[in-house]
Every structure is written in structure tokens, then in C-alpha cells.
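Each chain, letter by letter, is given below.
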Amino acid sequence: MLTVLEIVGLMAFAASGSLAAVRAELDVFGVVVLGLTTALGGGIIRDVLLGVQPPAALVSWPYLVVGAATALVVFAFHPLVSRLRKAVLVADATGLGLFATAGTATALDLGTPGYTACLIGMTTGIGGGALRDLLLRQIPLVLRREIYALAALLGAVIVVAGHALHWPTGPVTAVAAAVTVLARLLAIWRGWNAPLPRAGSNRLER
Amino acid sequence: MLTVLEIVGLMAFAASGSLAAVRAELDVFGVVVLGLTTALGGGIIRDVLLGVQPPAALVSWPYLVVGAATALVVFAFHPLVSRLRKAVLVADATGLGLFATAGTATALDLGTPGYTACLIGMTTGIGGGALRDLLLRQIPLVLRREIYALAALLGAVIVVAGHALHWPTGPVTAVAAAVTVLARLLAIWRGWNAPLPRAGSNRLER
Amino acid sequence: MLTVLEIVGLMAFAASGSLAAVRAELDVFGVVVLGLTTALGGGIIRDVLLGVQPPAALVSWPYLVVGAATALVVFAFHPLVSRLRKAVLVADATGLGLFATAGTATALDLGTPGYTACLIGMTTGIGGGALRDLLLRQIPLVLRREIYALAALLGAVIVVAGHALHWPTGPVTAVAAAVTVLARLLAIWRGWNAPLPRAGSNRLER
């Protein structure tokens, strides 16, 4: 069964993917396919890395139903949805936090060591959005933006630390997800930017 | 051993990939690599999702030989081949139908439940073409075009239904493939378009 | 433990990825993420194809440390690094040779037949650079350039031949890697070009 956090994460990533598809003027099928790819992609990558085959997202129907329903709602109501400024970014941040931490917890459950669980959790969080951006021919957010992979890694580390200290998984994961989402939103809101390469030679010369 | 349907599917996808490479003015190596990626990509994704490792396409040499030979023929004779209008689209539709249904049958053979087999079959059909388009920096057909993923899903559902009714696999798969190809070609020919997002806010605003 | 050749290959691919990121004007996080993806991507693809889950690159910390440290050095000193003309191409060629041959040796170690080991080794060599180019929205080198996949395949075949003749793995792999790197650099230096499609119909007509 899906946990509540997983459902919210699925809906957030499905919304970010389908909003991005609406903005790229895809038709209703493209919107659903991109919403599903964004929502299910991270978890499928996680399961392939962990050797869980076939991946959970292809075995349990709630994944598909939640993802597709969210995409259709976005398609139907997008003028309302997209009026919310930065809606894609906020949905993406929410999905990032929930998937990075849930992915870490899943990896720990399967007996993966903490170091590996952190990296797989971070990949779970980053994967769906990277697929979304690749399919729309955009340089992925994870490469372009302020604190992104680092926020996911932060949440993953908190989950691993809580696991090492034998704290209860549920609350720790929820807190870790909240920290990731907040870190990411703060980075967007305050425009925290990482240093750019020094000027001079950073021109694309081929 | 490869079945006849698999060989035809391989040739169709290899042709679609190498034609797309010729049109992008790649050299002979690029044409062969893209033809092979398109032909073998869907099956490799299927095997990774099912836990068949190493994937069949990397174990049996006929896959490579059929794919590379088709790409070389396209490279040598492309002025003839590409004169056929929409040649890439027709080859792509044929590969889509054959791979989606063969992928579903393979998944069922391995004991996968019907729901999962449908999704993995659909992914098998879509995967090669999506890789081809990604590598050429185009938004994948599956996101852009009329009935595409839906045609693949239709064929997959027919295979699963036939399996549930204990009908013979070979003929059912052939019929399901034909239905998928026809649905896809009809959608291209009649220009069946899915609804677009309502105007107003579907502009790319960043 | 990592062998010396693997470390050099990691550093070469991490340098090629982070240099490409610097030239695309990504910030320091983007540079590190792209350097790591390029350095670890080929090995992760290899392990997923072979069923080694979780992949070695996510289990042993030296992979991450070597990759990230190289990317940070490139970020800090890139005006020096990028003054070396074709620095990305040379680093990429070095990584290609080391990863294709090490990937082949790893596959043989796991009992994979020679044919499969060649293809998986070639994919290991090609994979990281292809991910780098995809993420930066460029048509991958493997599709665009002179001898590339063929150089990787050449190295892989030498490793398999040495294995069949029971020659010692270490020296054979080193020689095979050197042959691949030399073939690739010669192809760049001498501008060896593969035949292009005949003119006339190779225009992108949609």
C-alpha cells in the first residue's frame, strides 16, 4: 500500500510534469504521459537500482491511477492551476522532498547500507524531474538551479541518521521531507545561487 | 530464437532510427548506432524492468546483426527509402505494434500479472522510439502525436485478454500487433488529434 | 577496491563532464552533478545490465569522492584547464578507453560470455558521455563524431581475446585501453570521418 506521503509526492510530481506539458502545448495524451513519467520515473529508477523487479510502480495500480488522475485534473483546470505563479516549481519541490526521503526509507528497509541509501534516495527525488526536463528538451532543474540535489541529499541524510538512532521511521521521514521542501523553497524564494564559473573562458567555443 | 514477428519489429525500428539519423545528417557510424539503439532499446528496457539480466538483446547475436544490417541498407539506399513519404512514421508504427505485443507476451511468459505485463509491454513499444528522439534532441513522438501510447496499450490489453482466455499466444499476438499498427496508422492518416490545452495560459512563461 | 585504471577513468570522465558544464555556464552544483553523472553513469548502466544491484558506484565511497573532487578542481581551475584546447575531447577519449575495457573485464569476471561482455563494455564506455551530452541537450559524441563506438568496441574485443587466450587480465586491459584511446585521438587529430549519407534527400523535412 502507498503511504499518505507517497500519494502526496506522486500527486506533486504528476502535477509538475503535466503543468510543464501544458505549457509546452502538448495534447491530453502527452500531458498524461509526461505527468506519469514524472510521477513514476523516480520510483522506477530506485527499484531498478535496488533490484526490485518489476518496479512497484508497475505492479500496484494506485500509482498509475493517482498519477493519471492528477494529470487529467491539471489538463482540465490548468488556467486556474497555472495562474498560481511558480506552480511547477512548488510542485516539483514537494515531490523532490517526499520522494528523496521515501526512497531513502525504502532502500534502508531492503537492508541497503546508509551511504548507498542516501545516494539512491537522492536519485529517487531527482529522477522523475530530470526525465520530465529531458523529454521536454530542457536542461534539468537539478543542473540549473540553486540548492536542488543538495536539498534532496539533506533529507536523505536525516532519514539515515534517524534510522541509525532507531527513531521511528514515519515521523522522521515526514520531518526530513519537510526540511527538504523548505530548503528548496527557501532557495527559490531568496534566490540563493551557487557560485558560477569565473568569467573569461566560460563561453561555448567549439 | 527470435520469432518472425520480433525480426520484423527489429527491422522496422532499426529502419525508423537509421532513417531519422540519415535525415539528421549523421555519418554511417551514427546511423548504425542510432538504428541499433532504436531497435534494441525497447527490449533492453523491458528486460531490465523484468530482471532479465543481461538483456536478451545483448546475449543473442541475431538482434545485433538484424539491426545493423537494416541500418546499413537504409544508409546505402536511403534516397529510395526516404522518397517514401512518412517512411519513418510507418516503420515506427510497425515497430510499436510488434514490440508492444511481443513485450507483453514476454512479460506474461515470466509469470508477471496482467496489469504489469500491459505496462511493461507498452513501455517496450514506446522505449526505442523515445530513445531515438531523445538522442536527436526531438520531443518524443509519444508526447507529441495523436494516438501513440494508447495504440500500444490497446495491443497489450488484447494480448493479456487472450492469455486470460487461454487462446493460443502466437495468433493472438499477431492480431494484437496488427490492431496496434492499424490504430496508429489510422490516427496518422486521419489526423486524429487529441484535445489541446485551452488557450490563454499555455504560453511558455519562465 | 578501485584499480588505478578505474580511478584514472573516473577522473577523466568527471573532468570531461565538469568542463562541459563549465562551458555551459552551470553553477558549482551543476558542475559537480554533471561531473558525477558522467563519471558514474557508465558504470551504473553496466551494473544494471549485469544485475549487480545496487551498482558498485553507489556502494563504495571512493567513486563519489574521486568524481566530486575532480569536478571541484575543474571548477576552481577551469581557466587553466580549459585553455588546453580540446580538453573535453581528450578527457572523454581517455575515459572511453578505460571504461570500455574495465567494463568488459568486469562482465567477464561475472561469467558473461565474450559477445555479451564486448557489448556491455562498449556501453560502459559510451554511457557516461552520452548522459552528459543528453543532459546538456547536445547530440551525443557517439552519434556525431569520427571513430567513437568503434574505438570502444576495439578495446573490448582485445580484452575478450586476451581472456580467451588466458593472458593476464591487468596488462591486457591496460594495452586495450591504450589502443582505444589512441584510436580515438588519432581519429580526432587526423579528422578521420566516416562516410556521410549521399546528398539530395538528407534534409530535415517534416
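The structure this text deals with has already been given above.
Described below are features of the structure shown in this document. Not measured: the values here are computed from a predicted model.

What counts and what doesn't
Counting restarts for each chain, with residues numbered from 1 along the sequence as it is written. Chains and ligands are labelled by the order in which they are written, letters from A for the one and numbers from 1 for the other. The predicted origin of the model limits local features to residues at a pLDDT of at least 70 and limits the giving and counting of side-chain atom pairs to 80 or more, whereas totals for whole chains, interfaces and linings rest on all residues. Values reported for side chains reflect all heavy atoms of the structure, with hydrogen atoms and water molecules removed beforehand. The definition of a nonpolar core used throughout is a set of buried Ala, Val, Leu, Ile, Met, Phe, Trp, Tyr and Cys residues joined through side-chain atoms within 4.5 Å. Accessibility here uses a 1.4 Å probe with only protein chains present; expressed as a share of the type maximum, an area under 20% marks a residue as buried, one over 50% as exposed, and anything in between as partly exposed. Numbering goes from the N terminus for both helices and strands, where a helix is a DSSP run of H or I of at least four residues and a strand is a run of E of at least two. By definition in these notes, contact holds between two residues if any of their heavy atoms fall within 4.5 Å. Two N or O atoms count as a polar contact when they lie within 3.5 Å, although within protein this holds only if one can serve as hydrogen donor and the other as acceptor, and sequence-adjacent residues are included solely when both atoms are side-chain atoms. When two parts are brought into contact, each loses some accessible area as probed by a 1.4 Å sphere; the total of that loss over both is the buried area. Basic side-chain nitrogens of Lys or Arg form a salt bridge, by our definition, when they fall within 4 Å of a carboxyl oxygen of Asp or Glu. In this classification, Asp, Glu, Lys and Arg are treated as charged, Ala, Val, Leu, Ile, Met, Phe, Trp, Tyr, Cys and Pro as nonpolar, and every other residue, Gly included, as polar. For this analysis, a ring pair means two rings from Phe, Tyr or Trp (six-membered ring only for Trp) whose centres lie within 6.5 Å, classed as stacked if their planes differ by under 30 degrees, edge-to-face if by over 60, and tilted for the remaining angles. We superpose the copies by least squares over the C-alpha atoms of residues that have a pLDDT of at least 70 in both of them. A fitted line through C-alpha atoms represents every axis, and for helices the fit uses only the stretch in contact; the resulting angles, taken between N-to-C directions, go from 0 to 180 degrees. Each crossing is labelled by how the near helix is turned from the far one, with a counterclockwise turn of less than a right angle marking it left-handed and a clockwise turn marking it right-handed. In this scheme, patches are assembled from residues that exceed 30% relative accessible area and form no salt bridge. Like charges are connected within 9 Å, while nonpolar side chains (Val, Leu, Ile, Met, Phe, Trp, Tyr) are connected within 5 Å. Residue-level accessible areas treat just the shown protein chains as cover; the underlying method is Shrake-Rupley with a 1.4 Å probe. Asp and Glu are treated as the negative residues and Lys and Arg as the positive ones, with His and the ends of the chain left uncounted. Each charge is placed at NZ for Lys, CZ for Arg, CG for Asp and CD for Glu.

We now examine the nonpolar core. Counting residues in each nonpolar core, the largest one holds 172 residues, and the members touching the most others are A:Leu40, A:Ile126, A:Leu143, B:Leu40, B:Ile126, C:Ile126 and C:Leu143. It is helix α2 (residues 28–50) of chain B that contributes the most residues to this core, 12 residues altogether. If near-sequence neighbours (up to four positions away) are discounted, C:Leu143 is found in contact with B:Leu26, B:Asp27, B:Gly30, B:Val33, B:Leu34 and B:Leu135. Counting residues in hydrophobic clusters, the runner-up holds 15 residues, among them C:Leu10, C:Val32, C:Ala71 and C:Leu98.

Looking now at the side chain of C:Thr38. Residues and elements named next belong to chain C. Relative to the assigned elements, threonine 38 resides in helix α2 (residues 28–50). Reaching out from threonine 38, the side chain makes a polar contact with the backbone oxygen of leucine 34 at a distance of 2.7 Å. Those residues in contact with threonine 38 that lie beyond four places of it in its chain are Phe13, Ser16, Gly17, Gly128, Gly129 and Arg132.

So, on to the interface of chain C and chain A. The partner chain A presents 34 residues to the 32 residues of chain C that form the contact. Summed over both sides, the interface of chain C with chain A buries roughly 3,000 Å², with 63% coming from carbon and sulfur. Looking at the side of chain C facing chain A, the largest losses of area belong to C:Arg23, C:Phe29 and C:Leu58, adding up to 21% of the total buried there. Our count for the contact surface shared by chain C and chain A stands at zero salt bridges. Of all the elements in the fold, those that place two or more residues in the side of chain C that touches chain A are α1 (4–23), α2, α3 (61–83) and α5 (114–135) of chain C. Along the lines of polarity and charge, the residues of the side of chain C that touches chain A split into 22 nonpolar, six polar and four charged.

All names here are of chain B. Enumeration over the complete set of coordinates arrives at three aromatic pairs over all chains. Ring centres of phenylalanine 13 and phenylalanine 99 lie 5.1 Å apart, and the angle between their planes is 85°; this geometry places the pair in the edge-to-face category. You can see phenylalanine 13 sitting in helix α1 (residues 4–23) and its partner phenylalanine 99 sitting in helix α4 (residues 87–109), a full 86 residues away along the chain. We note that phenylalanine 13, like phenylalanine 99, is buried.

As a further point, take the interface of chain B and chain C. With 32 residues of chain B at the contact, the number on the chain C side is 34 residues. Buried surface at the junction of chain B and chain C, summed over both partners, amounts to about 2,900 Å²; 63% is from carbon and sulfur atoms. When the buried surface of chain B facing chain C is broken down by residue, B:Arg23, B:Phe29 and B:Leu58 rank first, second and third, together holding 21% of it. Run the count over chain B and chain C and you get zero salt bridges. Applying the counting criterion to the chain B and chain C interface returns three residue pairs in polar contact (both at pLDDT 80 or more). At eight residues, the largest contribution of residues to the side of chain B that touches chain C is made by helix α3 (residues 61–83) of chain B. For the side of chain B that touches chain C, the class distribution of residues is 22 nonpolar, six polar and four charged.

Okay, the pattern of salt bridges next. All names here are of chain A. Inspection of every chain in the model, using the stated rule, returns nine salt bridges over all chains. The partner of arginine 132 in a salt bridge is aspartate 133, with the nearest N and O atoms 2.9 Å apart. There is no split in this pair, since arginine 132 and aspartate 133 are both buried.

Turning to the environment of A:Gly67, a few remarks are in order. Residue and element names in this part refer to chain A. Relative to the helices and strands, glycine 67 is located in helix α3 (residues 61–83). Under the relative-accessibility criterion, glycine 67 is labelled buried at 0%. Placed 61 residues apart in sequence, glycine 67 and glutamate 6 show a C-alpha to C-alpha distance of 11 Å. Setting aside its immediate chain neighbours within four residues, glycine 67 contacts Ala14 and Leu36.

Here we take up the relation of the copies chain C and chain A. The operation relating the two chain copies consists of a rotation about an axis and a shift along that axis. Placing chain C over chain A gives an RMSD of 0.0 Å and needs a rotation angle of 120°, together with 0.0 Å of translation along the axis. Here the transformation between the copies is reduced to the relation of a three-fold axis. Scanning chain C for the C-alpha nearest the rotation axis identifies C:Arg137, at a separation of 3.8 Å. Comparing interface residues between copies, only 16% of those in chain C also sit at the interface in chain A, which points to a heterologous contact through distinct surfaces.

Residues and elements named next belong to chain B. At a minimum axis separation of 8 Å, α4 and helix α7 (residues 149–164) run at an interaxial angle of 35°. The handedness of the crossing between α4 and α7 is right-handed. Facing α4, whose interface residues are Leu96, Ala100, Thr101, Thr104, Ala105 and Leu108, α7 presents Ala152, Gly155, Ala156, Val159, Val160 and His163.

Note on the identical chains: chain B maps onto chain C by a rotation of 120° and an axial translation of 0.0 Å, with an RMSD of 0.0 Å. Counting the interface residues of chain B, we find that no more than 16% of their copies in chain C are interface residues as well, pointing to two distinct contact surfaces.

There is a patch of like positive charges on the surface, built from A:Arg137, A:Arg144, B:Arg137, B:Arg144, C:Arg137 and C:Arg144. Relative to the assigned elements, B:Arg144 resides in helix α6 (residues 141–144). Among the residues examined, B:Arg144 registers a relative accessible area of 33% and is labelled partly exposed.

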